[in-house]
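Now for the letters of each chain:
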Amino acid sequence: MRPTGLLHLGNYLGALQNWVELQDDYDCIYCAVDIHALTTVESQADTNQIQSNIEDMILDWLAAGIDPERSIVFVQSQVPEVMTLHTLLSMVTPLGWLTRVPTFKEKVRQMDETEETVNYGLVGYPVLQTADIILYKADTVPVGRDQVPHIELSREIARRFNNFFGDTFPEPQAKLTESPLLVGLDGQAKMSKSLDNHLDLAATPEDTSKRVLTAFTDPQRTTRNIPGRPEVCNVYSMHQMFSSSTAVSAVYSECTTAARGCVDCKRQLAGSINDFLEPMRDRRKEYESRPGYVREILDEGGKRARAIAAKTIEEVYEKMGLARG
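Calculation criteria
Along each chain, numbering runs from 1 in the same order as the chain's sequence is written. With pLDDT at 70 or above as the cut-off, local features in this predicted model cover only qualifying residues; side-chain atom pairs require 80 or more to be listed or tallied, and sums for whole chains, interfaces and linings still use all residues. Hydrogens and water molecules were not included; the side-chain quantities draw on all heavy atoms of the structure. What makes a nonpolar core is a set of buried Ala, Val, Leu, Ile, Met, Phe, Trp, Tyr and Cys residues whose side-chain atoms join them at distances within 4.5 Å. Throughout this description, buried means an accessible area under 20% of the type-specific maximum (1.4 Å probe, protein chains only), exposed means over 50%, and partly exposed covers the range between. Only DSSP runs of H or I covering at least 4 residues are called helices, and only runs of E covering at least 2 are called strands; the numbering of each starts at the N terminus. For this analysis, residues touch if any pair of their heavy atoms sits within 4.5 Å. In the sections that follow, a salt bridge refers to a side-chain nitrogen of Lys or Arg positioned within 4 Å of a carboxyl oxygen of Asp or Glu.

Chemist: What's the story with the nonpolar core in this structure? I'm lost.
Modeler: Most often, soluble globular proteins have nonpolar side chains that are buried together. The biggest cluster of nonpolar side chains holds 48 residues, and the ones touching the most others in it are Leu9, Leu16, Ile58, Trp61, Ile66 and Ile273. At nine residues, helix H4 (residues 50-64) tops the list of elements feeding residues into this core. Once residues lying within four places of it in the same chain are set aside, the contact partners of Ile58 are Ala32, Val73, Val294 and Leu298. Judged by nonpolar contacts, the second largest core, of 38 residues, contains Leu98, Ile133, Tyr136 and Ile313.

Chemist: Before we go on, may I ask you to explain the pattern of salt bridges in this structure?
Modeler: Here the idea is simple: oppositely charged side chains can pair when their charged atoms come close. This model, assessed by the stated rule, comprises 18 salt bridges. Glu315 is the partner of Lys137 in a salt bridge, and the nearest nitrogen-oxygen pair spans 2.9 Å. Of this pair, Lys137 sits in the loop between helix H9 (125-134) and strand E3 (140-143) while Glu315 sits in helix H15 (residues 293-320), and the two are 178 residues apart along the sequence. Among the residues examined, Glu315 registers a relative accessible area of 25% and is labelled partly exposed. The salt bridge involving Asp196 is made with Arg211; its shortest N-O contact spans 3.2 Å. Highlighted residues: Asp196 in the loop between strand E4 (173-176) and helix H11 (205-212) and Arg211 in helix H11, separated in sequence by 15 residues. Salt bridges sharing common partners tie together Asp56, Asp60, Arg284 and Glu288.

Chemist: Please explain the side chain of His239 as it appears in this structure.
Modeler: By the secondary structure assignment, His239 is in helix H12 (residues 234-242). Overall, the relative accessible area of 0% leaves His239 in the buried class.

Everything listed is a geometric property; what it means functionally is a separate question.
As structure tokens, then:
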């Protein structure tokens, strides 16, 4: 996960809760990919935020239930072997494979298609992503359906390396994870920091309540006495995720009969979301009260990850006929 700082409800439902559950069945490796974050850096001011963003993100991971005793938790740049493998994989990866990646094309469009703004790291992003996976001989990658093409490209790169130099890497398999689509407070787009339609996991109950009160509801319900349409109201859809079945039934009934106003509905939703987040927030506060705890976890995780990585790079050097110092 890219270290963008505090995580929001969409991050939790879309990935983090699945990561927590996977710990019961897999040996998991969870990485804050700070090198990937550099592909969009424009100044030193951006890089100055990376370390604090990592700490905020890891605190959210721990609060959600990522267990550093069961899983390896570390920062990408703590394991320089990943950059070595990235370079070596780039020698066998056709450029055409990378320029056809849909997310690369979309990113270029967002950059107004000016050649100066597209750096090499952005083009090679999938190669580094592949290195992140196969450096640890990972065989399974949890992703949503929209990410499957990325894993297929990683499989192709691993397969091509194996064909050139002998069987070295398992071809990673995508493990599809179901996650509800959480529309943001604007009622239009997926919850996102960049759109400022999000709810941070670590926000105070008061801040969460204030933001929920800004949420868009049924646009046709312009006054209290007009019956609402829950089926088109994003506040109602969030009630279905975070409120009890009894509360959801009451919301539907009172909305469609105009017995309840939108403000009351949003206040109740804010209460449900705060109840949902309370255990995570309490755990986060406990971790925050332990100075140096996150750094200890990352340092230990980095050592464990690097022990695996060193063996892989030794094997790769041998297969490719490279000299070891």
